[in-house]
Amino acid sequence: MNTARLFVLLSLIAMIGALTFAPAAAQDDMSEFVYAHSGPIRPMDPHSHWYGSTHHLLNLYYDCLIWRAADGSGYVPQAAHSWETVGDTTWRFHLREGATFHNGEPVDAAAVKWNIDRVRHPIGDIPLYQQWAFVKEVEVVDDLTVDIHTNEPHAYFENDVSYNGCELIPPAYFEEVGQEEFNRNPVGSGPYVLAELSENDRYVFEAWDDYHSGRPAVDRVVYQVIPEPSAQVAALLAGQIDLMRGVPVPDRATLEATDGISLLTESGNRMYHYYARVDTESGAFPETFPDYQPATLDINVRKAITHALDRHLLAEVHGSASARLARVCSYYPEGMADKYADPDVIAEWYDPDLAKEYLAKAGYAEGEGPTLHLDSPVVGRGGSAKEVAEVAAALLEEVGFTVDLTVRDASAFAVEVQRSGNNRELMLAALGCGPALLPLFYQCDWTAVAYSVCDEDWDAIAEAIQVTIDRDERLALWEQWWEYYIDLTQTITLFEITDVMALNSAEFDFTPRKDGWMTFRDVKLAGM
Amino acid sequence: MDKRLVMRGFFISRMLQLVVTMFIISVVVFFILRLSGDPILVVAPDFFSQEQIDQMRKFWGFDRPLGEQYLTFVRKAITGDFGKSYLAKRPAMELILERLGYSWILAAASAAIGLTVAVPLGILSALKRNSLLDLIITLMSSLGTAMPSFWLGLMLIIIFSVHLRILPAYGALQPESIILPSVTLGVGMAARLSRMTRSAMLEVLNQDYVRTAHSKGLMQKTVVMRHALRNALIPIVTVFGLQLGWLLGGSVVVESVFSWPGLGRLMIDSISVRDNTVVQAGLLFFALSFILINYLIDVIYIILDPRIKFQ
Amino acid sequence: MDTQSTNQSNKRAIADIPVRRRLPLRLLAILAKSPVGIAGSLIVTVVVVLAFIGPVISPQDPLSRNIRARFKPPGFVDESGNSYLLGNDQLGRDILSRIIAGSRVSVLVGVVSVLISGTLGVIYGLISGFIGGPVDSVLMRIVDGLLAIPFIILVIAISGVVGAGLSTLILILGFTGWITYARVIRGEVLKVREMEYVLAAYALGQSRLKVMFLHILPNVVASAIVLAAVQVGVTILAESSLSFLGLGVKPPTVTWGLMLSDGRQYINSAWWMTAFPGIAITITVLGVVFLGDWLRDFLDPNVRGRA
């Protein structure tokens, strides 16, 4: 008897356990928009880190002073209802009367000053202060007016002031609870409040009735972490989610043919490049490879590489990308997109014979090009990098290079190659297209470990771009800047990633933002 | 022997063992995770300078000697502080407890499926030894053992989610979400358990007293229920305990296949971004629960049969 | 109760010693009687042969791409007449050829890491059981501790930290797998070392080292072999799990686990990318399991592996 009883008991315990923890589904009349986020999602303290895809979600419940318009046309008010320049180096912001944080604290000039001063100083382990170094001082003019003084005229002030770290948090609440508790129970002043947080899994936001610009149209927005794109597709087909980005190529036809699902295409605002090594000093390179002379030190070799790559083919292999010659996305930075994104120009650029000529000029006999060590992660931002690397390797071998391809998983790639500067001839870099940061990356005083470049003349142009407020003048400078970029052939641009998104269009109406940010203040119910 | 006395002795000796074992695990886990250096390079943004990276090292205490770091870790761990996640900036144990419910429900459902399928099949197989039925059951259980559980999961997704579209394949958003992952794990568990049940039953059936019972003319069913199964249960329960190790391990991969927000996925996610505090706390937690479950099974043993001896 | 049964097995094993003269012949004769043994050794032989002569019989180059014809279902024939019996993948590579190429890694990982772990485990168990006393207690506590972390989780954590690649993976699997052997071998040693003939060897003045390797080791080898057979299966499964999670072997090396990891990306449209590599793994491991079952019945019916 004992035995049967024990067996039943064990099964019973197991089943009761199963039932008590059965996940509860939300069953109410509220409209709920679920976005499949690939993760990971970082802490809720917006000033403590630089992770873009987390800031996408932070934007739902924090207001900034101003914000980038969804269609890329300029900037829109958030906590500030208007703003203007006062002289070359001062920007004045007018705050909204009676606006508060979710907990009732006022969004006033003192709060704004507290926030910007906070982000300008090192916080935690990944501070953003370098990106806010353009700010000289924040001055409280009166309760609802605040001035930001910059060190010098700043061409990209509005962009920078609406970027990571711009999110306003309530000073009194934060000082009371501290960072750890704030990460658990964050408070902002945006149109949504955080209703439920399961770290790196599920973030549920509910509309805030008292938002200064009116309650948002959708009652509840959920960021559901689902790492695998294929899983996201299945979840969309099953009606578990309403929007995903990065739809895998073979699934597009299926989704397109499904009633109530539409595909949307927009720039992902990220690009793939191969970085060529042009020095032997930066990073850990001299210790790891003492006396090693990368072939790419020779500019002819680099030119051979850039002409050996069929960018249209690489973009096609990637599945959702459009070929580019320079680091110009369709949206960012300013200008030159026509010149470096023109399909004919790019097609002409692919010229294996020219590549062979350059190799000959570099002193290599036909078919006996140097060895290129190509490092790539398996998956880069925005999709597979492995297949792109495999095809690139084949193209390079066609003109006579020998390619030694090493593919690592993303974190190993970051540690062993990218961050330590152990890159040899070529390394994949997947980067965003921010106009404000772009010239900085190539400047002599840039401090990052890997891939530094220094050219005094180029440097001077970059400096000038950043302080030239007049747009036409600035674009003229950009033109010169890009010439250096192409000439140096250190960053060999491959393509811009296009985001293919799939939307539950039967229920929701969503227009992708030009800047590639997946944030959902503007989602509407379909047919409204 | 007095059961209460046995229990007390059991607890004291087991508690001592637990402390020693956890100490050993903590050493192994700590030093393995420090093997490749610190995770700062993964966490730091692209454009950080060496100076900023050094600051981060200092912030997390990676600039201290390894031995000192270990002692700090142990000192804090004893008070229940397993350090903060590098990424979430929240206590690692808090993140683990957040996911625990999901892992528990998945393990329980899989164990329930495993037990209810395996034990009757194993018994049947042993009773009808060398019959066609036995052959089929044995073959199926070998197949279940040989199959990678995550692949079975993928196949179930293809059939039930992609083609038939009757079951959700991902996450824990609806109550039905548990079906596919628990069946995936349950099948592997059942395959392993039924093999063990069969051989345990066979061993018992061959023993003298069972044969005696038979010869005394007791009916087959009575013999099985009263004599054989009771004695076979002890090895089955032991194996069940050991299989929980397999279940915990299998759940790591299967949770990742189904995006099930349990401990396993937390581990995989943390490993992929080298959030070592969470990985470390997770490994210790897995080990502790595995040991405790097996202690619990030993207690069941004692309840079942007080004559059991311990070392 | 375990002690009792293994004791019997040892008596049996020892009783067997004089009979084992014509082992290969006997082996074949017994194999012929066991359908499971036949099936197991057949499967294992085929896989090993494929691993060796794969490139010769492979219908296509497993790495050659056909970018213009990707995601083609089983039976597809391209314009130049190449046929893809099991379909092709996201780069237009032939799945069948890749499965054949993948057998190489499975065999390599299975055999080499089990050799490493078996050797380490046997030595560890031998030392622990033979020396006994406090050394034994300490060594066994370590094993207990390591056993409490599920094997696959331990391996995942280590390869996540150390980084991977084929040779690293083999080493990781080899240096973690020994734990399985240590306890069983030590138990065997404990029994064997009290046997009359071992005591007799001492009496004849043989050194401890000699006794350990000449008299005790041969008597625990049977158990080690049975365990090793089980471990080959476990290791192949572990490799595929790790590669599937992106923590194992890296492309362009072809492995079944990596194929599954690719297949998972396209699971909604290209089922063949997932189905076939998994079948290959299942059949291979099934073969190993069968062979292991048969070996156990043949060599040592009482050892239970922790699969």
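Remember, it's a predicted structure, so these values are computed and weren't measured experimentally. (Residues numbered from 1 in each chain as written. Chains lettered and ligands numbered in written order. Predicted model: local features only at pLDDT ≥ 70, side-chain atom pairs only at ≥ 80, totals over all residues.)

**Considering the overall build of chain B**
A tally of regular secondary structure across chain B gives 12 helices and 0 strands. The order of helices and strands in chain B, counted from the N terminus, is α-α-α-α-α-α-α-α-α-α-α-α. A total of 311 residues make up chain B; the buried ones form 49% of that total. (Helix = DSSP H or I, 4+ residues; strand = E, 2+ residues; numbered from the N terminus. Buried ≥ 20, exposed ≤ 12 C-beta atoms within 10 Å, placed from the backbone.)

**Description of the overall build of chain C**
Per the secondary structure count, chain C includes 11 helices and 2 strands. Secondary structure elements of chain C occur, N-terminal to C-terminal, as α-α-α-β-β-α-α-α-α-α-α-α-α. The buried share of chain C, taken over its 307 residues, is 53%. Long-range contacts, defined as pairs at least 24 residues apart, comprise 74% of the intrachain contacts of chain C with a sequence gap of at least 6. (Contact = placed C-beta atoms within 7 Å.)

**Topic: the pairing of strand E9 (residues 202-207) of chain A**
Residues and elements named next belong to chain A. On E9, burial follows the alternation: Tyr 203, Phe 205 and Ala 207 on one face are buried, whereas Arg 202, Val 204 and Glu 206 on the facing-out side are not. Bridge count for strand E8 (residues 192-198) against E9 is 6 bridges, and the pairing is antiparallel. When the bridges of E9 are listed, Ser 198 appears paired with Arg 202. Linking E8 to E9, which pair antiparallel, is a turn of 3 residues; within it Asn 200 sits at a positive phi near 60°. The pairing of E9 with strand E10 (residues 220-225) spans 5 bridges and is antiparallel. Residue Phe 205 lies in a different strand from E10, and its bridge partner there is Val 221. (Pairing = 2+ DSSP bridges.)

**Examining helix H17 (residues 456-467) of chain A**
Residues and elements named next belong to chain A. Taking 1.5 Å per residue as the helical rise, H17 with its 12 residues ought to reach 16 Å, and the 17 Å between its terminal C-alpha atoms agrees with that figure. Inspection of H17 places Trp 458, Ile 461, Ala 462, Ile 465 and Gln 466 among the buried residues, and these make up the whole buried set. One face of H17 carries all of its buried residues, which in axial projection span an arc of 135°. Among the exposed residues of H17, those pointing more than 90 degrees away from its buried face are Glu 456 and Asp 457. For H17, the secondary structure elements touched by its buried residues are helix H16 (438-441) and helix H18 (471-488). (Expected span 1.5 Å × (residues − 1). Arc of directions from axis to C-beta.)

**Quick word on the environment of Ser289(B)**
Residues and elements named next belong to chain B. Among the secondary structure elements, Ser 289 is positioned in helix H12 (residues 276-304). Judged by C-beta crowding, with 19 C-beta atoms within 10 Å, Ser 289 ranks as partly exposed. Here the alpha-carbon distance between Ser 289 and Val 204, two residues 85 residues apart in the chain, equals 31 Å.

**Digging into the environment of Ala146(B)**
Tracing the chain through its elements places Ala146(B) in helix H6 (residues 132-146). Using a count of 22 C-beta atoms within 10 Å as the deciding quantity, one classes Ala146(B) as buried. Remark: the alpha-carbon pair of Ala146(B) and Arg192(B), spanning 46 residues in sequence, is separated by 9.9 Å. Not counting the four nearest positions on each side in its chain, Ala146(B) is found in contact with Gly233(C), Thr282(C), Val285(C), Leu286(C) and Val289(C).

**Observations concerning the interface of chain C and chain B**
Taken together, the contact between chain C and chain B spans 40 residues of the former and 40 residues of the latter. Looking at the side of chain C that touches chain B, its residues break down into 26 nonpolar, 10 polar and 4 charged. (Nonpolar A, V, L, I, M, F, W, Y, C, P; charged D, E, K, R; others polar.)

**Structural notes on the sheet that holds strand E6 (residues 135-142) of chain A**
Whenever strands of a sheet pair, they do so through backbone hydrogen bonds, lying parallel or antiparallel. All names here are of chain A. Ordered in space as E4-E5-E7-E6, the 4 strands form an open sheet in which the pairing is antiparallel. The open sheet terminates on both sides in strands that have one partner only, identified here as strand E4 (80-85) and E6. The mean angle between the axes of side-by-side strands here comes to 20°, regardless of whether they run parallel or antiparallel. Taken together, the 5 bridges between strand E5 (residues 90-95) and strand E7 (residues 145-150) define a ladder with antiparallel strand orientation. Across the sheet, Trp 91 pairs through a bridge with Ile 148, a residue of E7. On top of the sheet, helix H3 (residues 109-119) reaches E5, E6 and E7; it is set at about 170° to E6, its chief contact. (Axes fitted to C-alpha atoms, helices over the stretch in contact; angles between N-to-C directions.)

**Some thoughts on the nonpolar core**
With 248 residues, the main nonpolar core has Tyr35(A), Ile153(C), Val155(C) and Ile156(C) as its most contacted residues. Element by element, the count of residues in this core is highest for helix H5 (residues 92-127) of chain B, at 19 residues. Dropping the residues within four chain positions of it, Ile156(C) is found in contact with Val252(B), Ile271(B), Leu242(C), Leu245(C) and Leu247(C). Listed in part, the 72 residues of the second largest apolar core include Ala295(A), Val399(A), Leu41(B) and Met56(B). (Core = buried A, V, L, I, M, F, W, Y, C linked by C-beta atoms within 7 Å.)

**Focus on the packing of helix H3 (residues 35-57) of chain C against helix H11 (residues 272-299) of chain C**
Residue and element names in this part refer to chain C. The N-to-C vectors of H3 and H11 enclose an angle of 135°; their axes lie 7 Å apart at closest approach. With respect to H11, the element H3 is oriented oblique. Like other packed secondary-structure pairs, H3 and H11 cross with a definite hand, here left-handed. Taken together, the residues of H11 that come into contact with H3 (itself represented by Val 36, Gly 37, Ala 39, Gly 40, Ser 41, Ile 43, Val 44 and Val 47) are Ile 283, Thr 284, Leu 286, Gly 287, Val 288, Phe 290, Leu 291, Asp 293 and Trp 294. (Parallel < 35°, antiparallel > 145°, perpendicular 65-115°, else oblique. Left-handed = near helix turned anticlockwise from the far one by under 90°.)

**Things to note about the confidence of the model for chain C**
Low-pLDDT stretches of the model should not have their predicted coordinates read in fine detail. All names here are of chain C. In this model, chain C carries an average pLDDT of 82, and 89% of its residues clear a pLDDT of 70 or more. Mean pLDDT across the elements of chain C ranges from a minimum in helix H1 (residues 2-16), with 43, to a maximum in helix H4 (residues 95-131), with 92. Taken as a whole, residues 1-21 scores under 50 in pLDDT and shows 15 contacts with residues more than four places along the chain or in a different chain. Note that residues 301-307 has pLDDT below 50 and, in this model, 20 contacts with residues that lie over four places away or in other chains. Two numbers describe this predicted complex: its pTM, 0.81, and its ipTM, 0.83. (pLDDT = per-residue confidence, 0-100.)

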